[in-house]
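Architecture and fold: a report
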Amino acid sequence: MRVSYRWLQEYVKVDLPAKVLADKLTMSGLAVEGIIEPAPGLDGIVVGRIVEMRLHPNSGRLRICRVDTGREVVQVVSGAPNLAPGANVPYARPGTVLPSGGHDTVGVRQILGERSEGVLCSGAELCTEEWGFGDALGVLILDPGLQPGAGMVEALGLHDRILEFELTPNRGDCLAVLNIAREVRALTGGGLTLPETSVRESGERTEGLISVQIEEPELCRRYACRIVRNVKPAASPEWLCYRLRAAGVRPINNIVDVTNYVMLELGQPLHAFNYDRLQGRRIIVRRARPGEELVSLDGDRRELDEEMLVIADAGEPVALAGVMGGLASEVTEETRTVLLESAYFNPQSIRRTAQKLGMRTESGQRFEKGIDLDGAVRAVNRAAHLINELGAGEITCGVVDQYVRPAAPLAIRVRAPRVNQVLGTHLNRAEVQEILCRLDFVCELCGQDNLLVNIPPYRHDLLEEIDLIEEVARLYGYDQIAATAPVGALTQSVRRPALSRVRELTGSAMLAAGLDEVITYSFIGESDLDRLNIPGNSPLRRVTPIQNPLREEQGILRPLLLASLMEVLNTNYKRKQTRVGLFELGTVFNPSPRPALAEEAVPGPADARLQERGRVPGDSGALPEERLHLGFVACGEVDRGWQEPAQARDFFYAKGIAEQVLGALGISGASWEPVTGNPMLHPGRAARVLVAEEPIGMVGEVHPEVLQNYELPTRVVACEIDLTSLLPMVRLDPRAQALPRYPGSARDLAIIVPLETPAGHVRDVIMAAGGGLLRECRLFDVYQGAQVPAGCRSLGYSLLFQSLERTLNDEEVTGAYDRILKALSTQVGARLR
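These lines cover the structure that appears in this document, whether it is placed above or below. Treat the numbers as computed from the prediction; the structure is a model and nothing was measured. (Residues numbered from 1 in each chain as written. Predicted model: local features only at pLDDT ≥ 70, side-chain atom pairs only at ≥ 80, totals over all residues. Heavy atoms only, no water.)

Another aspect to go through is the sheet that holds strand β25 (residues 442-445). Spatially, 3 strands are ordered β24-β26-β25 in an open sheet, and the strand pairing comes out antiparallel. On the outer flanks of this sheet lie β24 (410-415) and β25, each paired with one strand and no other. Strand-to-strand, the axes of this sheet are offset by a mean angle of 30°, without reference to chain direction. Across 6 bridges, β24 lies against strand β26 (residues 450-455) in antiparallel orientation. Note on β26: the bridge partner recorded for V414 is L451. Where helix α13 (residues 465-476) meets the sheet, it contacts β24 and β26, and its direction lies at approximately 65° from that of β24. (Pairing = 2+ DSSP bridges. Helix = DSSP H or I, 4+ residues; strand = E, 2+ residues; numbered from the N terminus. Axes fitted to C-alpha atoms, helices over the stretch in contact; angles between N-to-C directions. Contact = heavy atoms within 4.5 Å.)

Here is the structure:
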């Protein structure tokens, strides 16, 4: 955002040097990144008047001019074809270095035998063409009313400084010169002058010339317009063109320039339609229909969809609402009647349309950040006033104003003790009130030390008490707040150290398994959940939306880690990294009814205003529940060296890593339950992880449809475990066990079981039947083949019988072994192979 200092001074009385004011604004939170001098290097160049001119005796092209410089008359030889006696021109005295570059100094020369003292300059030599001062025919011809000897900066009206702001995303209100003037007034105490909005009206009533229909009140809450008759399109005056150029906007004609001027001045985008091109004399604000197209002002044909809001007449779209107008209704030199539009469009809708079409415009930027809903009529009246002043047309009587969803007022309670507690200041209520009133906030007493502050509708960034405390801080002066170290009572914590230790042990286990750690954003989009095949009625679809997302793809807080991990895996695979194993220890967010601690918003009419801004009435918003998860994904093979074959990253690989993590946390007794209905995981190659009969995660191969959504041509395994749920079961203190003093007895057991019988269930039966004498049971073989009946498989287990108190005899071991065989036969239908 660029603002002319002279333009700023039209609204606020301030005489500070531009550098001093820039420092004050920067310290208050409005960063001024630079100060631009419109015409540097014009010292030594003055207005010269040609008092006499004759041809050069030795050249038919050159002319000898006698030039009055204000203090003397000098002779200058020039070849410019547009010179004439009486013309005022820029004159560079000897010793001047021209702004156009180089280090050559203007001097006194002999040109074909005639003395030439100084130079008559063109706009290119003065570097003023970008400000509209240039002449393709030669020397720059100046205003004839200027006096010889006047400085060139003053003569061109370029005695100004341009402040270049780097605004933060929350201060969209400062995309208006008037609101920056309010900030200056609050900092300096100068008086504020508001722009004139009175209108000279004549002729017909506006409502008889145009009808306005809003079909989408959620996307367009207000639409106001005026009609201008007998339009006289022409070039705008120099003062208007200069202010537009100073802001980086190219002047076009007086009508279009007025709309751009008001947008820069008040922050309200306007649009001018060629009224005679509107079919049916109707304006309809609606969604685009399938198959509709629009040729925008830049000449490109845009394909529209039903998510886009358009301004249409009785037949077809004539503009993309809040983004850009259509070429068919453009204001040209032949236009005689104009419709001026001033509206409020939904910021999210404008952002989506601009992103889909790749159109970033000044008006779209302002609509996206939020404009003043109450300012629509004021802006269109301001434009009509300027058209009156420029003599560019006649304004019909009245304004058509469709205000379908009025703004609800917002009032926030501010406590002076809370201000001092947060800032470390010693302000009383009256001082807090004085600071806030400098920003045009209306304050009412609300208790002994409290204020009820009514928030202006153009300040969309102020929603709760802490926002107003920040306003107090920046106007009071950050440099006046003493630096103090944070003070707090030390308390013994239990949960946090445990959680930190869990993170440490889990991360070490994952690194030991050969996986690489990644850190991803906590923000994802609804499309990421779509790619994971998560159905609409899934609990994972109950997400926490972000109030002001940077982009649609990061509009919600993630409910699981796999969405982020699959995106990272996809990025690596596309870069020829086909053997990848990644894990993340991160936070996921589940919507929770738990309210925020602070309740600064005052109930009542303000509740509706909070809802408009995406907040929960009565408090600062419900906070989501945060839980620590472990997630990992892997594809390809694990290289185990030249002596060993590579290990495939399949279901058993992922299950083994999950078991390794649980073992590192001291958790035993985990079970694995087959899962077939999880849309993210492959049916038949996925399991639910249970600890103490409670599900704490999932592991398996990624579903082929999900792989297709991510364009991954290889098998991928994934796992996600809720570590927060495991905290009560974690054993952080290692427990040593003495080595057995008595030898054990090993037996092998090979049995045939039905194919659908889980090996884990078989192991549980063996351990239960073996009793206290069975110390270990390890699966060492799984076989299906010619020697095994169809529909069955062979499982081989290695059993270790051992007592810590004595040496077992054969009868004891055989008895336990026989009990195991009997239990296997009766409970799982197994038989010895």
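Once you've had a look at it, read on.
Here the focus is the packing of aromatic side chains. All chains considered together, the criterion is met by 5 aromatic pairs. Ring geometry for W239 and Y261: centres 5.8 Å apart, planes at 90°, overall edge-to-face. Within this pair, whereas W239 is found in helix α6 (residues 238-246), its partner Y261 is found in helix α7 (residues 254-266), the two being separated by 22 residues in sequence. With relative accessibility at 40%, the residue W239 sits in the partly exposed group. For Y261, a relative accessible area of 1% translates into the label buried. Cation over ring: R222 sits above Y403, and NZ or CZ is 3.9 Å from the ring centre. (Phe/Tyr/Trp six-rings, centres within 6.5 Å; stacked < 30°, edge-to-face > 60°. Buried < 20%, exposed > 50% of the residue type's maximum accessible area, 1.4 Å probe, protein only. Lys NZ or Arg CZ within 6 Å of the ring centre and 35° of its normal.)

Compared with an ideal rise of 1.5 Å per residue, which puts 14 residues at 20 Å, helix α18 (residues 651-664) spans 20 Å between its outermost C-alpha atoms and is within 8% of the ideal. Remark: G666 follows α18 within two positions and exhibits a positive phi of approximately 75°. (Expected span 1.5 Å × (residues − 1).)

Time to look at a negative patch on the surface. Taken together, the side chains of E306, E307, E552 and E553 make up a negatively charged region of the molecular surface. Position of E306 among the secondary structure elements: in the loop between β17 (301-303) and β18 (309-312). Note on E306: relative accessible area 45%, which makes it partly exposed. (Patch = residues over 30% accessible without salt bridge, like charges linked within 9 Å, V, L, I, M, F, W, Y side chains within 5 Å. Areas by Shrake-Rupley, 256 points an atom, 1.4 Å probe, with all protein chains shown as cover. Salt bridge = Lys/Arg side-chain N within 4 Å of Asp/Glu carboxyl O. Lys, Arg positive; Asp, Glu negative; His and termini not counted. Charge placed at Lys NZ, Arg CZ, Asp CG, Glu CD.)

Read across the sheet, 3 strands follow the order β1-β10-β2 without closing on themselves; strand pairing throughout is antiparallel. Of all strands in the sheet, those with a lone pairing partner are β1 (2-4) and β2 (31-36), marking the two edges. Strand-to-strand twist across the sheet, computed as the mean angle between neighbouring axes with direction ignored, equals 30°. Strand direction decides the pairing type here: β1 and strand β10 (residues 162-166), joined by 3 bridges, are antiparallel. Bridge pairing in β10 links S4 to I162.

Moving on: the packing of helix α12 (residues 429-437) against α13. It is the contact of α12 with α13, at a shortest axis distance of 9 Å, that shows an interaxial angle of 85°. Here α12 is positioned roughly perpendicular relative to α13, judged by the angle of their axes. Along its contact with α12, which presents V432, I435 and L436, the element α13 presents L468, E471, V472, L475 and Y476. Considering only residue class, the contact of α12 with α13 consists of 7 nonpolar, no polar and 1 charged. (Parallel < 35°, antiparallel > 145°, perpendicular 65-115°, else oblique. Nonpolar A, V, L, I, M, F, W, Y, C, P; charged D, E, K, R; others polar.)

Next up on the list: the pattern of salt bridges. Should the charged atoms of two oppositely charged side chains come close, the side chains can pair. As enumerated under the stated definition, the model contains 47 salt bridges in all. The residue R501 makes a salt bridge to E504 at a minimum N-O spacing of 3.2 Å. Remark: E504 and R501 occur in helix α14 (residues 495-512); sequence separation between them is 3 residues, near one turn of the helix. Since its relative accessible area comes to 47%, E504 is described here as partly exposed.

Note on placement: V633 falls in strand β32 (residues 625-635). For V633, a relative accessible area of 0% corresponds to the buried category. A sequence separation of 67 residues divides V633 from M566, and the C-alpha atoms of the two residues are 7.2 Å apart. Contact partners of V633, with chain neighbours within four places excluded, come to L562, L565, M566, L569, V580, G581, L582, V716, V717 and A718.

Of note, R222 is situated in strand β13 (residues 220-229). There is a polar contact of 3.1 Å between the side chain of R222 and the backbone oxygen of L373. Dropping the residues within four chain positions of it, R222 is found in contact with I214, A343, Y344, L373, D374, G375, A376, V377, D401, Q402 and Y403. (Polar contact = N/O pair within 3.5 Å; in protein donor to acceptor, adjacent residues only side chain to side chain.)

Checked against the element boundaries, H682 lands in strand β36 (residues 681-691). Measuring from C-alpha to C-alpha, the distance between H682 and Q787 comes to 30 Å, with 105 residues separating the pair along the chain. With near-sequence residues (within four places) excluded, H682 lies in contact with E701, V702, H703 and P704.

Below, the discussion takes up the state of the cysteines. In this structure the tally under the stated criterion is 0 disulfides. The thiol of C127 is unpaired, and the distance to the nearest cysteine sulfur, on C121, comes to 11 Å. Look at C127 and you get partly exposed, because its relative accessible area is 36%. Cysteine C225 remains unbridged, with the sulfur of C220 as its closest cysteine sulfur at 11 Å. (Disulfide = S-S within 2.5 Å.)

For the rest of this paragraph, the subject is the nonpolar core. By size, the foremost hydrophobic cluster in this structure holds 73 residues, and its most contacted members are L8, L25, V453 and L468. Per-element accounting of this core gives the leading share, 8 residues, to α7. If we skip the residues at most four places from it in the chain, V453 touches L410, A411, I412, V414, L436, F441, V442, C443 and L468. (Core = buried A, V, L, I, M, F, W, Y, C linked by side-chain atoms within 4.5 Å.)

A few words now on the pairing of β18. Neither face of β18 is open: one carries L309 and I311, the other V310 and A312, and all of them are buried. By the bridge criterion, 4 bridges tie strand β15 (residues 282-287) to β18 in an arrangement that is antiparallel. The residue bridging R287 from the neighbouring strand is L309, located in β18. Sheet topology note: the β18/strand β19 (residues 317-320) ladder contains 3 bridges and is antiparallel. Each bridged residue has a counterpart across the sheet, and for A312 the counterpart in β19 is P317. If you look at the hairpin formed by β18 and β19, you'll find 4 residues sitting between the two strands.

Just geometry here; none of it tells us what the structure is for.
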